[in-house]
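Here's the letter readout for the chains.
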Amino acid sequence: MASSLTKDSVLPGTPGSEKTFFGHPRGLATLFMTEMWERFSYYGMKALLPLYLVAPAGLHMNAATATAIYSVYLSLVYLLALPGGWFADRVLGPRKTVAVAGAIIMLGHLTLALPWSGSFFGGLGLVAIGSGLLKANISTMVGHLYKGADDPRRDGGFTLFYIGINLGAFAAPLIIGTVGENVNWHFGFALAALGMALGLAQFLLGSRHLDARSDVVPTPLSDQEKRATLTKSALWAGVAVVFYAIVGFSGVYTLNWLLVPITVAGLLIPVLVIARIKRDRELSRADQSKMSAYIWFFVAAAVFWMIYDQGGSTVSLFAESSAKNTIFGWDFPVSWYQSVNPVMIMALAPVFAWAWLALARRGKEPSTAVKFAMGLVLIGASFFLFLAPLAIADGGHKAAALWLVAIYFVQTVGELTLSPVGLSVTTKMAPAKYASQMMGVWFLAVTAGDATTGLLSIAGVDLNKTGIVTLEAVLAVLAGVAVWMYRSKVKQLMGDVR
């Protein structure tokens, strides 16, 4: 893909030459392409995962178990973004951490490609670990490219970065999904490994254009802290091994022994992490105020992602069983629905970036709180729309594919008002002490949302029923109204951040 580099003036100190990437620092091209290939691998595997879990030629599980595993896996990916940020802050720095992460993700996809069900969960675990190491740090490096929170290009830069994510996400279901569903599931996972290999190569070749801060370890561990950390890690790992050995040899082990602890951790850890940061007496009063404002954004995002991520599980499994997956009489793989959102992102993201900038020039850009409120109302509306195909299926008919496309469209518009804005505001509001870790905190909102979905599935709740879909839709809309009503209070708490 051409990088569309042009000769423009840039801010003093921008890494690389005077060439820019659509008017942004050249290092954004490196991160854009790296994330594109990493997302190609991730979203290809993600599109296949719930379908592989329920397929007779796959693991042949029921829909509730598949949704639980899918949700717990996503929850774990984003949960591990926090220690991923900590690892960069204290051990390797963002740039080296991302390189290590790419290698682990590639190994995880290769493990998934093995034709043995016993290695499947090990492969998922490796992909989750690698993704956690990568996610927080590559976004942090995007923030490093800009000179302060007031750089007017910052939100636009994150939106362009978001396009890179969605280029990979668009191509993945069409290529990996088709091969996985129509040829061989494990060949599909192998293609995901190839995508990550290309992403890692791109990163290593282009990292010279990144800001020097990406190589810095902000608060390196002392020798004493390293020994203490290794001792604690070994102790907890030993406890886990002994515990699951006892459960396994006693004959009472089921998959819930693994899923339930992760979902509970996914709900408790975000609360504990934010509480710990809030209690940090080293933070200034301004930073404490910003953290109070950030809690509003965090809770709003958790509600949003709880519904949004069901597009790959609840809605996808509905499509597999209860939709006419045809266009003009031509059948297409169910995994292709996962390309609808990214292609709409690519079409609409430039429009949103232009609109925010145009409104900002006129002094009429909505505040971050208002954008979040819009996202919540829209994600709620998408599930109100979901009620129509559910009713059609309840009547004994197959729902048209366009119903599902409409759901993904509404969710996409909601995503564009919340997700890139959330990434940007996180880097703006992060206390210096928690630079990379705060991006991990942002991803914990996804953890909390997906953990809630996983816990509901483990409890046996059928998420494809009218009652629960209606309840989720109402919850999102009410949350959006609450954020809008308290927008002035949130803006005041944000201080000098806009």
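Just so it is clear, the model here is predicted, and its values are computed rather than measured. (Residues numbered from 1 in each chain as written. Predicted model: local features only at pLDDT ≥ 70, side-chain atom pairs only at ≥ 80, totals over all residues. Heavy atoms only, no water.)

Participant: How do you make sense of the overall build of the protein chain when you look at a structure like this?
Facilitator: When helices and strands are tallied, the protein chain shows 17 helices and 7 strands. A compact globule built from 498 residues would reach a C-alpha radius of gyration of about 23 Å, and the protein chain, at 22 Å, matches this within 12%. Along the first, second and third principal axes, the C-alpha atoms of the protein chain reach 60 × 55 × 45 Å. Taking all 498 residues of the protein chain together, the buried fraction comes to 53%. Excluding contacts between residues fewer than 6 apart, the proportion of contacts in the protein chain whose partners are at least 24 apart in sequence is 80%. Of the charged side chains in the protein chain, 36 are positive and 26 negative; the average position of the first set lies 6 Å away from that of the second. (Helix = DSSP H or I, 4+ residues; strand = E, 2+ residues; numbered from the N terminus. Rg over C-alpha atoms; globule rule 2.2 N^0.38 Å. Buried < 20%, exposed > 50% of the residue type's maximum accessible area, 1.4 Å probe, protein only. Contact = heavy atoms within 4.5 Å. Lys, Arg positive; Asp, Glu negative; His and termini not counted. Charge placed at Lys NZ, Arg CZ, Asp CG, Glu CD.)

Participant: Would you take a moment to explain the nonpolar core for this structure?
Facilitator: It is characteristic of soluble globular proteins that their nonpolar side chains tend to be buried jointly. The biggest cluster of nonpolar side chains holds 136 residues, and the ones touching the most others in it are Tyr-73 and Trp-442. Broken down by element, this core gets its largest block of residues, 15 residues, from helix H1 (residues 27–54). Those residues in contact with Tyr-73 that lie beyond four places of it in its chain are Tyr-42, Met-45, Leu-49, Leu-124, Val-127 and Ala-128. (Core = buried A, V, L, I, M, F, W, Y, C linked by side-chain atoms within 4.5 Å.)

Participant: Even after reading the chapter, I still don't get the pattern of salt bridges, so can you show me in this structure?
Facilitator: Taken as a whole and assessed by the stated rule, the structure comprises 5 salt bridges. Arg-90 is the partner of Glu-225 in a salt bridge, and the nearest nitrogen-oxygen pair spans 3.0 Å. Here Glu-225, found in helix H8 (residues 223–250), pairs with Arg-90, found in helix H3 (residues 81–92); they are 135 residues apart in sequence, far enough to count as distant. (Salt bridge = Lys/Arg side-chain N within 4 Å of Asp/Glu carboxyl O.)

Participant: What exactly am I supposed to notice about H1 here?
Facilitator: Because the α-helix completes a turn every 3.6 residues, residues three or four places apart line up on one side. Here H1 contains 28 residues, and its C-alpha end-to-end distance of 42 Å stays within 8% of the 40 Å for a straight helix at 1.5 Å per residue. Of all the bends in H1, the greatest, near 30°, is centred on Leu-48, and the proline Pro-50 appears no more than four residues after it. Extensive coverage of H1 is indicated by the burial of 26 of its 28 residues. (Expected span 1.5 Å × (residues − 1). Bend = angle between axes of the 7 residues up to and from the residue.)

Participant: Mind showing me how you'd approach the packing of H8 against helix H9 (residues 256–278) here?
Facilitator: Packed helix pairs are specified by the crossing angle of their axes together with the interaxial distance, meaning the distance between the axes. The contact between H8 and H9 brings their axes to 12 Å, and the two run at 145°. Two secondary-structure elements touch here, H8 through Phe-243, Tyr-244 and Val-247 and H9 through Trp-257, Leu-258 and Pro-261. Considering only residue class, the contact of H8 with H9 consists of 6 nonpolar, no polar and no charged. (Axes fitted to C-alpha atoms, helices over the stretch in contact; angles between N-to-C directions. Nonpolar A, V, L, I, M, F, W, Y, C, P; charged D, E, K, R; others polar.)

Participant: Whenever I open this one, the packing of aromatic side chains confuses me. Can you help?
Facilitator: Within a pair of aromatic rings, the relevant descriptors are the distance that separates the centres and the angle that separates the planes. Tallying each qualifying case throughout the model produces 25 aromatic pairs. Aromatic side chains Tyr-78 and Phe-443 sit 5.7 Å apart centroid to centroid with 45° between the ring planes, which places their arrangement in the tilted category. Highlighted residues: Tyr-78 in helix H2 (residues 63–79) and Phe-443 in helix H15 (residues 435–458), separated in sequence by 365 residues. Assessed through its relative accessible area of 9%, Tyr-78 is described here as buried. Overall, Phe-443 belongs to the buried group, its relative accessible area being 7%. Residues Trp-305 and Tyr-308 carry aromatic rings whose centres are separated by 5.0 Å and whose planes lie at 90° to one another, so their mutual orientation is edge-to-face. Of the two residues, Trp-305 and Tyr-308 are both situated in helix H10 (residues 285–308); the distance of 3 residues between them amounts to about one turn of the helix. Among the aromatic residues, those joined into a cluster by ring pairs are Tyr-52, Phe-120, Phe-121, Trp-185 and Phe-189. The ring of Phe-443 carries the charged tip of Lys-135 above its face, separated from the ring centre by 4.8 Å. Positioned above the aromatic ring of Trp-484, the side-chain terminus of Arg-487 is 4.0 Å from the ring centre. (Phe/Tyr/Trp six-rings, centres within 6.5 Å; stacked < 30°, edge-to-face > 60°. Lys NZ or Arg CZ within 6 Å of the ring centre and 35° of its normal.)

Participant: Where do I start with the confidence of the model for the protein chain in this structure?
Facilitator: Detailed conclusions should not be drawn from predicted coordinates in areas where pLDDT is low. Residues with a pLDDT of 70 or more make up 94% of the protein chain, whose mean pLDDT is 87. Low pLDDT, under 50, characterises residues 1–17; the predicted model gives this stretch 36 contacts beyond four residues in sequence or across chains. (pLDDT = per-residue confidence, 0-100.)

Participant: How do you make sense of the environment of Arg-90 when you look at a structure like this?
Facilitator: A relative accessible area of 17% places Arg-90 in the buried class. What Arg-90 contacts, discounting residues up to four positions off in sequence, is Val-217, Thr-219, Pro-220, Leu-221 and Glu-225. A distance of 2.3 Å separates a polar atom in the side chain of Arg-90 from the backbone oxygen of Thr-219. (Polar contact = N/O pair within 3.5 Å; in protein donor to acceptor, adjacent residues only side chain to side chain.)

Participant: Is there a simple way to explain unusual backbone geometry in this structure?
Facilitator: Peptide bonds are trans in most cases, and residues, glycine excluded, mostly fall at negative phi. For His-60, which is not glycine, the phi torsion reads 55° and is therefore positive. Here His-60 lies in the loop between H1 and H2. In the Ramachandran plot, Phe-328 falls in the positive-phi region, its phi being about 55° despite a non-glycine side chain. As for its placement among the helices and strands, Phe-328 is situated in the loop between strand S5 (326–327) and strand S6 (330–331). The class for Phe-328 is exposed, based on a relative accessible area of 87%.

Participant: I keep staring at the environment of His-24 and nothing clicks. Help me out?
Facilitator: Position of His-24 relative to the elements: it lies in strand S3 (residues 24–25). What makes His-24 buried here is its relative accessible area of 8%. Distance in space between the C-alpha atoms of His-24 and Leu-210 is 12 Å, their sequence separation being 186 residues.

Participant: I keep staring at a nonpolar patch on the surface and nothing clicks. Help me out?
Facilitator: On the surface, a cluster of nonpolar side chains totalling about 430 Å² of accessible area is made up of Phe-243, Val-252, Tyr-253, Trp-257 and Leu-258. By secondary structure assignment, the location of Phe-243 is in helix H8. (Patch = residues over 30% accessible without salt bridge, like charges linked within 9 Å, V, L, I, M, F, W, Y side chains within 5 Å. Areas by Shrake-Rupley, 256 points an atom, 1.4 Å probe, with all protein chains shown as cover.)

Participant: Help me understand the environment of Ala-302, please; the structure alone is not making it clear to me.
Facilitator: Relative to the elements of secondary structure, Ala-302 occurs in helix H10. The buried category is assigned to Ala-302, whose relative accessible area is 14%. Taking C-alpha positions, Ala-302 is 9.2 Å from Phe-443, a pair spaced 141 residues apart along the chain. Sequence-distant contacts of Ala-302, that is, excluding residues within four places in its chain, are made with Ala-445, Ala-448 and Gly-449.

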